[in-house]
Amino acid sequence: MGRWLLLLVGTVLVQGTLSLSPIPVPEEEWDEFYRVLRDPAYRLPTTTRPRHYEVSLTPYFDIVPINTRPFTFDGEVTIYISPTVANVNEIVMHCNDITINSLSVLHNNVEIATPGQTPTCEMPFSFLRIRTNTPLQLGQEYVVQLTFNGNLQTNMRGFYRSFYHDSYGRRWMGTTQFQPGHARQAFPCYDEPSFKATFDITIVRETNFSPTISNMPIRRTGQPLNGRIAETFWTTPLTSTYLLAFIVSHYVVVASNNDTVRPFDIYARDNAGTTGDWSLEIGELLLDAMERYTQIPYFTMAENINMKQAAIPDFSAGAMENWGLLTYREALILFDPLNSNNFYRQRVANIVSHEVVHMWFGNLVTCAWWDNLWLNEGFARFYQYYLTQSVAPELGYDIRFIVEQLQTVMISDSIDTAHALTDPDVNSPSRVSAHFSSITYARGASIIRMTQHLLGDNTFVKGLRYYLNARKFDVAEPHHLFENLDAAAAEDNALSAYGDITIDTYFRSWSEKAGHPLLTVIVNQRTGQMTVTQTRWERNTGVSEHPSLWHIPITWTRAALPDFENLKPSLIISASTTVIDRGSTGLEWVLFNKQESGFYRIDYDDTNWALLTRHLRSSDRTVIHELNRAQIVDDLFAFGRAGTKSYDRVFNILSFLEFESSYGPWIAAINGFNFVLRRLAHDTTRLQRLQDNIIQLSAALTRRLGYLELPSDTYMDNLLRMYALSFLCNNEHNMCVTEARRNFANWRAGVFIPANMRPWVYCTGLRYGNDADFDYFWNRYLAEDLASEKVVMLEAAGCTNSQASLFKYLDAIVTLDDAVREQDYSTAMNSAVSGNEANTMRMFEWLRNNVNRTIAAMGSVSTPVSNIAARLLNEQHISQFQAWLDANREAIGAAYNTGVNGIAATRTNLQWSSRRIPEMERYFESGYQEDVIEDIDAGEEEEVVPPPVEEPPVVTPEEENDTGSASTAVVSIVTLLAAVVVNIMA
């Protein structure tokens, strides 16, 4: 049970600049969590429920009293419970890795616990069973009292120990991470989200520690006794156990608003300086904005509640929304304006936003069980972008949501084994693993965004306010959300233009199905009729084996009347085929899914693509919204990957990037090109040709951005330059490499390098440097105190081209001397293998000699094995690696299967490359070729319109509804019923 939290770490790695890398989870732990999630035997009975807890814990670190083990704690808990059914004679709650010393069950001060029982934490269920000698009676309250001992954990879960360095040296601390089921490692409790209660927490700490921090402020401080002092906190709101937290440390307040009415403080080690200022500034703005948005003031959620944020040195989750005490990895809350790059400026802001939003979506209203986690995490992911956009628009969250969340999660969501948001059929460990993924977070957020545009913002906000007020201090299931959104929609007639559609029927078609649609649009340029077909998209073939239909909100615009701002859908299509009247005739491009407001891909006929390509290559290309230019790039790379569009055709359309320099299209392009580059890594000739093409396409980008950071640059330009030059230097762009090497030499000579330049300067400098360069770099890393800069340096360290320096780096990862923290192991290993192509086999050589050291540090060799297997380039390397796996199968345990599966994936990728390289070669030979579009008046139009099954009626433009410019006719009832039958039988 010790590693559940890792299953909830669903963090997207954007451009490799953020590493919230969880510790690898062995397959047997997926098995364990699967049982907990789905096997009723692992769920608590609901025959009793807690109302209130009184918890007291006394932690011990390295200096302990006689007869006390180091890194343990003593505890007492009193729980006020009531039965929910008559004649209950067994109380069942949770405990794990706890020794029960005494127990009592009182009713009206009379002991009713069965004498002689020896309560233990019953594994693997983590149940604590307490029998009573008389049945519990309905309407009566009982008091359960327990004393116990526990262990300060070492795996960043439960009540765990960590360390840090402050102005006094190395310090021990105790902190917590209870989600999803680790409060039971701190004290016996009902450790499921639906068992909400209030808590009075007391921590008895050493007197030389700072005051303890917990969810609530300190209510009472006792007198020192035997070198310890007891601090009792104000009563929490009605809350789930996973939202409790406490920190026993020498922390101090490093930033404060000094407001006694709305107190907001940042806690960290005493040498953190002013690095908490940005998280305080943005945190206050976000808290104020969320209060206005929900009309539920945070500071009324509990009497005496305050807001605190704490920087934790070792934290597997990245961040956690404990009520009143938000906890973060240091890199995600401590920001130095001079030495933290723009990625971390926005990352601190949107992670703080994510956790602030959880005070309402997750804490005030909590998902009833983890299979509906999207009710918590989907809203938090959505608002971490759009709430932050409202208070810091210069940070570009509206643009970045599309390329960082929507487009990224579409890749995960486009395989036939993807899970639904609400998934009643989780039935294997791999499905559980997938369920706690970016789909829950980012797909949930994307569909919430689509729903916001469907309803309109005012109605959407009204429905959410109804939902929060109806379910506050309680748990929720999806139907509660749908009912309240439907109530708001009915009041505002927000869905009146869409027939009998409701939020319940619309949203279920997205939340209870996996995957997303591809809309194929065929435009008859003579008549203006647009035939739209929906099918489920699959990323490897384009065709899913599980056909589905969705209720799809449609937005579109056309060349003669471009409108990219009105995102209220003009219609909802539900059938497999729909005909829409464009309202014009003659050659004219159309573009669907304005600002990528819907969660689906779009393909067009050749003529429409040719018209779009001409426009995108013209000086008027920015008439098409930046997000739609990014959408076109992302969709085309997806079509190329699946083989539904040949790469020569894809690259021909993408040739417009030669004139493009905006953030959205280029981030989408970097993501798309990185996939193809990796598939060509084994073919150096074709790889070089692709790199030459990329460098040619980047002309407008580098011309506008340059290679130096200027005071007049916008935030988004500095961010784009950092990403773009990292990408271009990796692809041997001459000027990029020259500037990077020059700046690296200056840095070695003591010249200050702006933080936004460091990722590409560090990496390129090491790649073209020598052992002395690496030694200097590594010594600077060891001396560095800022967590975000240490992560940047870890990500660059693997760029060294020296085998000796690479081995030194790998040794440092597993030496267990604090040089690389446990939470950063995966980041460091990934850097080591991916920094240069030659590093793959170098890491393999190192691993063969360091299996035991790696297991001792990381628990297994699964991470390096996975990294190596994914980057093997030919059969010779594959055979060598397979032979080593076979010879060491017993020693490496479950990592053997990791390696075998990785090899299978690598072979599949090599086969994909052999099939697709000829398409790329055609484009490399010809370059851009303008499509010939015949004048339709000559009767030689290029487009091909497939014959319909039955000619559907078409509504004329005069019959359009008032929500947009389109009218629609649904395909005949025969076709619709046929599609439904296919869908049901699939």
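Residues numbered from 1 in each chain as written. Predicted model: local features only at pLDDT ≥ 70, side-chain atom pairs only at ≥ 80, totals over all residues. Heavy atoms only, no water.

Visitor: Explain the overall build of the protein to me, and be specific about the residues and the numbers.
Guide: Within the protein, the regular secondary structure consists of 30 helices and 30 strands. Expressed as a percentage of its 986 residues, the buried residues of the protein come to 62%. Contacts spanning at least 24 positions in sequence make up 72% of the contacts within the protein whose residues lie at least 6 apart. Of the roughly 35,000 Å² of accessible surface on the protein, 50% is carried by carbon and sulfur atoms. (Helix = DSSP H or I, 4+ residues; strand = E, 2+ residues; numbered from the N terminus. Buried < 20%, exposed > 50% of the residue type's maximum accessible area, 1.4 Å probe, protein only. Contact = heavy atoms within 4.5 Å. Areas by Shrake-Rupley, 256 points an atom, 1.4 Å probe, with all protein chains shown as cover.)

Visitor: Provide a residue-level description of helix H8 (residues 457-471), including the pertinent values.
Guide: When the terminal C-alpha atoms of H8 are compared, their 21 Å separation across 15 residues agrees well with the 21 Å that a helix rising 1.5 Å per residue should span. Those residues of H8 that sit buried are Thr459, Phe460, Val461, Gly463, Leu464, Tyr467, Leu468 and Arg471. Where H8 is buried, its residues touch helix H2 (277-294), strand S20 (365-367), helix H4 (374-391), helix H7 (438-455), strand S21 (474-476) and helix H9 (478-492). Note on H8: the residue one or two positions beyond its end, Phe473, has a positive phi of about 60°. (Expected span 1.5 Å × (residues − 1).)

Visitor: Please provide a residue-by-residue account of the sheet that holds strand S4 (residues 98-107), values included.
Guide: If you trace the eight strands from one edge of the open sheet to the other, you get S5-S4-S7-S2-S1-S10-S13-S12, paired in mixed fashion. Two strands in the sheet have a free side with no partner beyond their single neighbour: strand S5 (110-111) and strand S12 (218-221). (Pairing = 2+ DSSP bridges.)

Visitor: I'd like a description of the packing of aromatic side chains, backed by residues and values.
Guide: Summed over the entire model, instances satisfying the criterion amount to 56 aromatic pairs. Between the aromatic rings of Tyr298 and Trp360, the centroid separation amounts to 6.3 Å while the plane-to-plane angle is 55°, which identifies the pairing as tilted. In this pair, Tyr298 is assigned in the loop between H2 and strand S17 (307-312) and Trp360 in the loop between helix H3 (342-358) and S20, connecting sequence segments 62 residues apart. For Tyr298, a relative accessible area of 0% translates into the label buried. On the accessibility criterion, Trp360 (0% relative accessible area) is buried. Relative to Phe592, the ring of Trp556 has its centre 6.1 Å away and its plane inclined at 20°; by these criteria the two rings are stacked. In this pair, Trp556 sits in strand S25 (residues 556-558) while Phe592 sits in strand S28 (residues 590-592), placing the two residues 36 residues apart along the sequence. The same class applies to Trp556 and to Phe592, which are both buried. Among the aromatic residues, ring-to-ring pairing joins Tyr293, Phe361, Phe379, Phe382, Tyr383, Tyr385, Tyr386, Tyr397, Phe401, Phe460 and Tyr467 into one connected group. When the ring centre of Phe163 is taken as reference, the NZ or CZ atom of Arg170 above it lies at 4.0 Å. (Phe/Tyr/Trp six-rings, centres within 6.5 Å; stacked < 30°, edge-to-face > 60°. Lys NZ or Arg CZ within 6 Å of the ring centre and 35° of its normal.)

Visitor: Before we move on, could you go through the confidence of the model for the protein and cite the residues and values that matter?
Guide: Per-chain confidence: the protein averages 90 in pLDDT, with 90% of residues scoring 70 or above. When the criterion is pLDDT under 50, residues 1-30 qualifies, and its contacts beyond four places in sequence or with other chains add up to 104 contacts. Scored below 50 in pLDDT, residues 938-986 makes 87 contacts in the model with residues more than four places away or belonging to other chains. (pLDDT = per-residue confidence, 0-100.)

Visitor: Which residues make up the environment of Tyr267, and what are the values?
Guide: Residue position: Tyr267 is located in strand S16 (residues 264-268). What makes Tyr267 buried here is its relative accessible area of 16%. Residues Tyr267 and Leu325 lie 58 residues apart in sequence; the distance between their C-alpha atoms is 9.8 Å. Residues contacting Tyr267, with those up to four places away along its chain left out, are Ile213, Tyr251, Val252, Val253, Val254, Lys308, Gln309, Ala310 and Ala311.

Visitor: Got a sec to walk through the state of the cysteines? Specific residues and values, please.
Guide: For the structure shown, the criterion picks out three disulfides. Disulfide partner of Cys95: Cys121, at an S-S distance of 2.1 Å. Across the disulfide from Cys95 to Cys121, rotation about the S-S bond amounts to roughly -130°, and the bridge is consequently left-handed. Taken together, the residues Cys95 in the loop between strand S3 (88-94) and S4 and Cys121 in the loop between S5 and strand S6 (127-136) connect sequence positions 26 residues apart. Between the sulfur atoms of Cys729 and its disulfide mate Cys736 the distance is 2.0 Å. As the torsion about the S-S bond is roughly -105°, the Cys729-Cys736 disulfide counts as left-handed. With respect to class, Cys729 is no different from Cys736; both count as buried. Disulfide connectivity for the protein, with bonded cysteines indexed by sequence position, reads 1-2, 3-4, 5-6. (Disulfide = S-S within 2.5 Å.)

Visitor: Residue-level account of the nonpolar core, with values.
Guide: Residues Trp360, Phe592, Phe651 and Phe673 are the most contacted members of the largest nonpolar core, which totals 300 residues. Among the elements that take part in this core, helix H17 (residues 715-730) stands out by supplying eleven residues, more than any other. If near-sequence neighbours (up to four positions away) are discounted, Phe651 is found in contact with Phe637, Phe673, Leu690, Met920, Tyr923 and Phe924. (Core = buried A, V, L, I, M, F, W, Y, C linked by side-chain atoms within 4.5 Å.)

Visitor: Before we move on, could you go through the pattern of salt bridges and cite the residues and values that matter?
Guide: With the rule as written, the count across this model stands at 45 salt bridges. With a shortest N-O distance of 2.6 Å, Arg262 and Glu291 are connected by a salt bridge. Residue Arg262 is found in the loop between strand S15 (252-256) and S16, and its partner Glu291 is found in helix H2; the two are separated by 29 residues along the sequence. The exposure class assigned to Arg262 is partly exposed, which follows from its relative accessible area of 26%. With a relative accessible area of 12%, Glu291 lands in the buried category. (Salt bridge = Lys/Arg side-chain N within 4 Å of Asp/Glu carboxyl O.)

Visitor: Quick one: what's the story with the environment of Phe564, residue by residue and with numbers?
Guide: On the secondary structure map, Phe564 appears in the loop between S25 and strand S26 (571-573). Here Phe564 is in contact with Thr557, Trp589, Leu591, Lys594, Gln595, Val623, Ile624, His625 and Asn628, once residues within four sequence places are set aside.

Visitor: I'd like a description of the sheet that holds S17, backed by residues and values.
Guide: Taken in spatial order, the five strands make up an open sheet running S15-S16-S17-S19-S18, and their pairing is mixed. If you trace the sheet from one side to the other, it starts and ends with S15 and strand S18 (319-320), each paired once. Examined bridge by bridge, S16 and S17 share four bridges and lie parallel to one another. For Tyr267, the partnering residue across the bridge sits in S17 and is Ala310. Here H2 sits on the sheet and contacts S15, S16 and S17; the angle it forms with S16, its principal contact strand, is near 150°. Along the sheet, H3 contacts S17, S18 and strand S19 (325-329); its crossing angle with S19, the most-contacted strand, is approximately 150°. (Axes fitted to C-alpha atoms, helices over the stretch in contact; angles between N-to-C directions.)

Visitor: Explain the pairing of strand S7 (residues 142-151) to me, using residue names and the numbers behind them.
Guide: The buried count for S7 comes to seven of ten residues, which makes it a mostly enclosed element. Where S4 lies against S7, eight bridges are found, and the strand directions are antiparallel. Within S7, the position partnered with Ser104 by the bridge is Gln145.

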